[in-house]
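Results of the structural survey
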Amino acid sequence: MGKAKKTRRFAVAKRVLAKSDARLKRNQEKQAKQAAEREGKKVTRVRQVPTGMFFSFNESLGPPYHVLVDTNFINFAIKNKLDIYASMMDCLLAKATPCITDCVMGELEKLGSKYRIALRMAKDPRFKRITCMCRGTYADDCLVQMVQQHRCYIVATCDKELKQRIRKVPGVPIMYISNRRFTIERMPEAFGAPR
């Protein structure tokens, strides 16, 4: 048996740990300190949920319903030749009070003479006028704010963007127009709504 021949390797360097390697003691201490800071920053305040909520359904809603009406909902109701008051009662199978905020009225007045029928319909004494504390006259923000403060309203709108914003608020039903009649979503006892 002969002796095994060993070849010398040139330029072989020892492997050195990088300064950011997790195996070093000071890096382990840094990680432990960051984890302790994260533990200390945990949220201790939880947003209060309204007492009328049962899972995603709002139990504080009941007849007579208060329906916040948007500008385009009135316009679509006129185009589809629907009486707002009667159609709401047909959809909900109960008494419904259409409510209109100052911002929606301001938006209708800004639209001019083309929408004077909608403005005349909004000034109907059956519509309940709600004063709002909004600074501007942008009705979508006003409606979302009203719904977040008071969860006793149904929002009537045909605006896709406003619907998306209101869907993020739990327990608020949305009324809209489809197939020439009023439809409601996110309301468990909506027997008048078509399936």
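Above: the structure in question.
Okay, so let's go over this structure. Quick caveat: nothing in here was measured; it's all calculated off a predicted structure.

In contact at an axis separation of 10 Å, helix α6 (residues 139-149) and helix α7 (residues 160-167) are set at 20° when each is read in the N-to-C sense. On the basis of the axis angle, α6 is roughly parallel to α7. In terms of crossing hand, the pair formed by α6 and α7 is right-handed. Here Asp140, Asp141, Leu143 and Val144 of α6 lie close against α7, whose contacting residues are Leu162, Arg165 and Ile166. A breakdown of the residues in the contact of α6 with α7 according to their chemical character gives 4 nonpolar, no polar and 3 charged.

Attention now moves to the nonpolar core. Within the largest apolar cluster, 48 residues are counted, with the highest numbers of intra-cluster contacts made by Phe73, Met88, Leu92, Ile154, Met175 and Phe182. Take this core: its biggest share by element is 6 residues, from α6.

On any regular strand, side chains alternate: one points to one face of the sheet, the next to the other face. In terms of residue burial, strand β8 (residues 181-185) counts as a mostly covered element, since 4 of its 5 residues are buried. The antiparallel hairpin formed by strand β7 (residues 174-178) and β8 contains 2 residues in its connecting segment, where asparagine 179 sits at a positive phi of about 55°.

In this section: the packing of helix α4 (residues 102-110) against α6. In contact at an axis separation of 8 Å, α4 and α6 are set at 165° when each is read in the N-to-C sense. Judged on the interaxial angle alone, α6 and α4 are roughly antiparallel. The two elements α4 and α6 cross, and the hand of that crossing is left-handed. Facing α4, whose interface residues are Cys103, Val104 and Glu107, α6 presents Ala139, Cys142 and Leu143.

It is worth spelling out the side chain of aspartate 70 at this point. Here aspartate 70 lies in the loop between β3 (65-69) and α2 (71-79). Buried charge aspartate 70 goes without a salt bridge, the closest partner of opposite sign being arginine 165 at 9.8 Å. Apart from residues lying up to four places away in sequence, aspartate 70 is in contact with Val104, Ala139, Asp140, Leu143, Ala156, Thr157, Asp159 and Leu162.

As summarised here, the arrangement of the 6 strands in space is β5-β4-β3-β6-β7-β8, forming an open sheet in which the pairing is mixed. Every interior strand has two partners, whereas the edge strands, β5 (128-130) and β8, have only one. When the angles between neighbouring strand axes are averaged without regard to direction, this sheet yields 35°. Relative to strand β6 (residues 153-156), β3 is paired through 4 bridges, and the arrangement is parallel. Looking at the pairing, leucine 68 lines up with valine 155 of β6. On top of the sheet, α4 reaches β3, β4 (96-101) and β5; it is set at about 70° to β4, its chief contact.

Thresholds applied
Residues numbered from 1 in each chain as written. Predicted model: local features only at pLDDT ≥ 70, side-chain atom pairs only at ≥ 80, totals over all residues. Heavy atoms only, no water. Axes fitted to C-alpha atoms, helices over the stretch in contact; angles between N-to-C directions. Helix = DSSP H or I, 4+ residues; strand = E, 2+ residues; numbered from the N terminus. Parallel < 35°, antiparallel > 145°, perpendicular 65-115°, else oblique. Left-handed = near helix turned anticlockwise from the far one by under 90°. Contact = heavy atoms within 4.5 Å. Nonpolar A, V, L, I, M, F, W, Y, C, P; charged D, E, K, R; others polar. Core = buried A, V, L, I, M, F, W, Y, C linked by side-chain atoms within 4.5 Å. Buried < 20%, exposed > 50% of the residue type's maximum accessible area, 1.4 Å probe, protein only. Pairing = 2+ DSSP bridges. Lys, Arg positive; Asp, Glu negative; His and termini not counted. Salt bridge = Lys/Arg side-chain N within 4 Å of Asp/Glu carboxyl O.

None of this, on its own, says anything about what the molecule does.
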